[in-house]
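Observations on the three-dimensional arrangement
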Amino acid sequence: MVGPIRPQFVLFGSSIVQFSFSNGGWGAILADIYSRKSICLLAQTLCLSLFVSLKDEADILVRGYAGWNSRNGLQALEQVFPKDASIQPSLVIVYFGGNDSMLPDPLGLSLHVPLPEYVENMRKIATHLKSLSQKTRLIFLTAPPVNEEQMRKAFSGIMRENSRTNKQLQMYSDACVELCREMDIKAVDLFTSMQKRSDWSTVCFTDGIHFSSEGSKIVVEEILKVLEEADWERLQWNSLPTEFEEFAPYTASRV
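Residues numbered from 1 in each chain as written. Predicted model: local features only at pLDDT ≥ 70, side-chain atom pairs only at ≥ 80, totals over all residues. Heavy atoms only, no water.

1. What about unusual backbone geometry?
Rule in force here: Helix and strand assignments follow DSSP, with helices taken as H or I runs no shorter than four residues and strands as E runs no shorter than two, numbered in order from the N terminus. We call a residue buried when its accessible area falls under 20% of the maximum for its residue type, exposed when it is over 50%, and partly exposed in between, using a 1.4 Å probe and counting protein chains only.
In the Ramachandran plot, N23 falls in the positive-phi region, its phi being about 55 degrees despite a non-glycine side chain. Residue placement: N23 occurs in the loop between α1 (15–18) and α2 (26–33). Despite not being glycine, D184 has its phi angle at roughly 55 degrees, a positive value. The topology assignment puts D184 in the loop between α7 (166–183) and β7 (186–188). In this structure D184 comes out as exposed when scored by relative accessible area, which is 66%.

2. Here we look at the nonpolar core
So the rule is basically this: Residues belong to one nonpolar core when they are buried, are Ala, Val, Leu, Ile, Met, Phe, Trp, Tyr or Cys, and are joined through side-chain atoms within 4.5 Å. Residue contacts are defined here by distance: any two heavy atoms, one from each residue, within 4.5 Å place the two residues in contact.
Residues W26, L30, I93, I139, L141 and I223 are the most contacted members of the largest nonpolar core, which totals 41 residues. Going through the elements one at a time, β1 (8–13), α1, α2, β5 (91–95), β6 (137–141), α8 (190–194) and α10 (213–230) are the ones with two or more residues in this core. Considering each element in turn, this core owes the most residues, eight residues, to α10. Residues in contact with W26, not counting those within four places in the same chain, are L11, I16, V17, S20, I93, L141, F211, S216, V219, V220 and I223.

3. Concerning the pairing of β6
So the rule is basically this: Strands are labelled as partners when DSSP assigns at least two bridges between them.
Burial of β6 is extensive: four of the five residues sit out of reach of the surface. Relative to β6, β5 is paired through five bridges, and the arrangement is parallel. Bridge pairing in β6 links V92 to L138. Bridging between β6 and β7 involves three bridges; their strand directions are parallel.

4. With respect to the pattern of salt bridges
What counts is decided by this rule: Salt bridge, as applied in this entry: a Lys or Arg side-chain nitrogen positioned within 4 Å of an Asp or Glu carboxyl oxygen.
Enumeration over the complete set of coordinates arrives at ten salt bridges. As a salt-bridge pair, E149 and K153 come within 3.6 Å of each other at their nearest N and O atoms. Linking E149 with K153, this pair stays in helix α6 (residues 148–154), spanning four residues, or about one helical turn. Between E178 and R181 there is a salt bridge whose closest N-O contact spans 3.1 Å. Here E178 pairs with R181, and both are found in helix α7, just three residues apart, close to one helical turn. For R181, a relative accessible area of 59% translates into the label exposed.

5. Brief notes about the environment of W200
Inspection of the secondary structure puts W200 in helix α9 (residues 200–203). Separated by 14 residues in sequence, W200 and E214 have C-alpha atoms that sit 8.7 Å apart.

6. Considerations on the packing of aromatic side chains
Cut-off, in case you're wondering: Each Phe, Tyr or Trp ring, with Trp reduced to its six-membered ring, pairs with another whose centre is within 6.5 Å; inter-plane angles below 30 degrees give stacked pairs, above 60 give edge-to-face pairs, and intermediate values give tilted ones.
Tallied over the entire structure, the rule returns seven aromatic pairs. For the ring pair F9 and Y34, a centre distance of 4.9 Å and an interplane angle of 70 degrees mean the geometry is edge-to-face. Of this pair, F9 sits in strand β1 while Y34 sits in the loop between α2 and β2 (39–42), and the two are 25 residues apart along the sequence. The same class applies to F9 and to Y34, which are both buried. In this structure an aromatic cluster arises from ring pairing among F12, F81 and F96.

7. Quick notes on the sheet that holds β7
Here is the rule we go by: Fitting a line to C-alpha atoms yields each axis, with helices limited to the stretch in contact; the angle taken between N-to-C directions then spans 0 to 180 degrees.
The strand order β4-β1-β5-β6-β7 describes an open sheet built from five strands, whose pairing is parallel. For this open sheet the edge positions go to β4 (59–64) and β7, each flanked by a neighbour on one side alone. In this sheet, neighbouring strand axes are inclined to one another by 20 degrees on average, regardless of whether the strands run parallel or antiparallel. Contacts between helix α5 (residues 115–130) and the sheet are confined to β5 and β6, with β6 contributing the most and set at about 160 degrees to the helix.

Nothing here speaks to function; it is all geometry.
Take a look at the structure:
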């Protein structure tokens with residue numbers, strides 16, 4: 001533990017989370033936004049249209065596990081988020097769904113989780129996270145679309161053909177959104193928001209599944225929209241306190 005203690009934002013999920021600091025990833029962008037800065041950033045790079053002064057701090061913690069589905073996430077939940085921890089996260093951003101949506105394998109080797117079980121797993125994950133503290137807020141990310149052709153080329157010989165389809169992904173995405181409505185959880189509908197960009201299928205992915213820097217910018221934009229619209233004042237990047245004064249209190253003679 002190092003100080004001063006900052007609010008903790010935890011990213012929890014599968015490879016979409018694990019790789020969120022690669023290729024200009026959405027986790028890295030969030031960490032940059034919430035790191036200590038004293039510059040004006042043209043937020044146009046995140047599809048926003050204003051200048052912002054970033055002087056705010058939060059620690060972005062990654063708990064991402066490639067190949068996991070909601071069943072794995074639920075099994076490890078109490079180890080990743082123990083109820084007796086001295087410090088509980090201020091925000092948890094959860095992503096499961098892409099692997100769950102994969103079609104069943106005849107040999108039982110698929111990461112597939114049936115849709116009803118997926119919904120119940122996500123419900124249990126949400127219930128546990130809500131119980132951590134009164135200050136803990138949740139955002140669920142839905143399964144995004146994929147570029148099926150790019151995915152087939154990238155994972156030829158590794159993944160069965162047509163094992164992950166946009167038809168299946170939409171079903172799991174819609175189910176996640178509906179669960180969030182039911183449980184009063186903020187949701188980012190990546191399946192819909194990503195396809196609002198006309199060239200999404202060619203620019204948003206590195207391999208048809210995982211995000212490029214352009215795809216990650218969309219993720220961050222949608223997360224920031226949720227934080228602003230939810231009016232979680234202490235979680236917005238422009239409302240957190242600055243730890244120290246702008247410059248270290250040294251005179252030229254003391255340096």
